[in-house]
Amino acid sequence: MLKKTWIVASVALLGLAACGDTLGEQALLGGGAGAAAGAVTGGDVVTGAVVGAAGNVAYCRTYPSRCN
């Protein structure tokens, strides 16, 4: 279980590290990372995608210099 948690965390961080240049790219990359995290952990994939997309867009809009 611990290994699975590390994999999910790594995928989520990589998804957030690749923020994207446009709002659509940011939502798509964050949503993909969230969906993957939901699938790997056995959670709801749709909820993971929504949370991931919202989180990535919010992060990139708040800290644009960290997303380039």
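Residues numbered from 1 in each chain as written. Predicted model: local features only at pLDDT ≥ 70, side-chain atom pairs only at ≥ 80, totals over all residues. Heavy atoms only, no water.

## Thoughts on the environment of A54
Point 1. Considering the arrangement of structural elements, one finds A54 in helix α3 (residues 45-62).
Point 2. Considering only alpha carbons, one finds A54 and A27, 27 residues apart in sequence, at a separation of 6.8 Å. (Helix = DSSP H or I, 4+ residues; strand = E, 2+ residues; numbered from the N terminus.)

## Focus on the side chain of Q26
Point 1. Position of Q26 among the secondary structure elements: in helix α2 (residues 23-41).
Point 2. Looking at Q26, the relative accessible area reads 5%, which means it is buried.
Point 3. There is a polar contact of 3.3 Å between the side chain of Q26 and the side chain of R61.
Point 4. Not counting the four nearest positions on each side in its chain, Q26 is found in contact with C19, G20, D21, N56, V57, C60 and R61. (Buried < 20%, exposed > 50% of the residue type's maximum accessible area, 1.4 Å probe, protein only. Polar contact = N/O pair within 3.5 Å; in protein donor to acceptor, adjacent residues only side chain to side chain. Contact = heavy atoms within 4.5 Å.)

## A short note on the packing of α2 against α3
The relative placement of two packed helices is expressed as an angle between their axes plus a distance between the axes.
Point 1. As a packed pair, α2 and α3 sit with axes 6 Å apart at the nearest point and diverge in direction by 140°. Viewed along their axes, α2 and α3 adopt a mutual orientation that is oblique. With respect to the hand of their crossing, α2 and α3 are arranged in right-handed fashion. Along the contact surface, α2 presents L23, Q26, A27, L29, G30, G31, G34, A35, G38 and A39, while α3 presents V45, G48, A49, G52, A53, N56, V57, C60 and R61.
Point 2. Of the residues in the contact of α2 with α3, the class split is 10 nonpolar, eight polar and one charged. (Axes fitted to C-alpha atoms, helices over the stretch in contact; angles between N-to-C directions. Parallel < 35°, antiparallel > 145°, perpendicular 65-115°, else oblique. Left-handed = near helix turned anticlockwise from the far one by under 90°. Nonpolar A, V, L, I, M, F, W, Y, C, P; charged D, E, K, R; others polar.)

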